[in-house]
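Structural overview
The chain contents come next:
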Amino acid sequence: MKKQSPSLSPLPLSHEQTPFEKFSSWVTKATGSVWAFLIALGVVLVWAISGPFFQYSETWQLVINTSTTIVTFLMVFVIQKAQNKDSVSIQLKLNELIAATKGASNRLVGVESLNQDELDVLCKHYETLADLTRKASDLRKSHSIEEAYKDTRDKLQEEEGSNLDAL
């Protein structure tokens, strides 16, 4: 009798963001634009041109130093929030691809929660696999779809015996 996997109900997605999430997404997009760069460049140029009018005083220098420090300090948190959300989203998409792909190792789902030593072991494993692949084939040659199907079929047949016994 074949085991049935428990059915997973779809997650209820609200698509609603907190005000800070909306703000951080907007700021990240806006500050990454050409216009944001041009505005920042303009501010620096205006500051530099105004130097002679203020005799390059300490106050004149303090204005740009303080302004850039405050903006940088605040931007670190806003951009980090957006980056964290993007990182989790990408990780979930990769986990879904691993879980849905026959022949892929489900051991890699949630790999981001491993400690550095465990990640180093996995990296070494995949570096060795990449080296073996480079030695076995010429990367400059075109690979056919038929070859990819055959490799996948062979891999599944090899794993089928050991993986099915565990289920």
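In this text the structure is predicted, and so the values were computed from the model without any measurement. (Residues numbered from 1 in each chain as written. Predicted model: local features only at pLDDT ≥ 70, side-chain atom pairs only at ≥ 80, totals over all residues. Heavy atoms only, no water.)

Summed over all chains, the structure comprises one salt bridge. Where glutamate 21 meets lysine 81, a salt bridge forms, and the shortest distance between an N and an O atom there is 3.8 Å. Taken together, the residues glutamate 21 in helix H1 (residues 19–31) and lysine 81 in helix H3 (residues 58–100) connect sequence positions 60 residues apart. Glutamate 21 gets classed as buried once you look at its relative accessible area, which sits at 17%. (Salt bridge = Lys/Arg side-chain N within 4 Å of Asp/Glu carboxyl O. Helix = DSSP H or I, 4+ residues; strand = E, 2+ residues; numbered from the N terminus. Buried < 20%, exposed > 50% of the residue type's maximum accessible area, 1.4 Å probe, protein only.)

Scanning all chains against the criterion turns up three aromatic pairs. Measuring from centroid to centroid gives 4.0 Å for tryptophan 47 and tryptophan 60, while their planes differ by 5 degrees, and the two rings are stacked. With tryptophan 47 in helix H2 (residues 34–49) and tryptophan 60 in helix H3, this residue pair connects regions lying 13 residues apart in the sequence. A relative accessible area of 10% means that tryptophan 60 is categorised as buried. Judged by centre distance (5.1 Å) and plane angle (75 degrees), the ring pair of phenylalanine 73 and phenylalanine 77 falls under edge-to-face. Here phenylalanine 73 and its partner phenylalanine 77 are both found in helix H3, four residues apart, which amounts to about one turn of the helix. Look at phenylalanine 73 and you get exposed, because its relative accessible area is 53%. Each residue in the set Trp47, Tyr56 and Trp60 is aromatic and connected to the rest through ring pairs, giving one cluster. (Phe/Tyr/Trp six-rings, centres within 6.5 Å; stacked < 30°, edge-to-face > 60°.)

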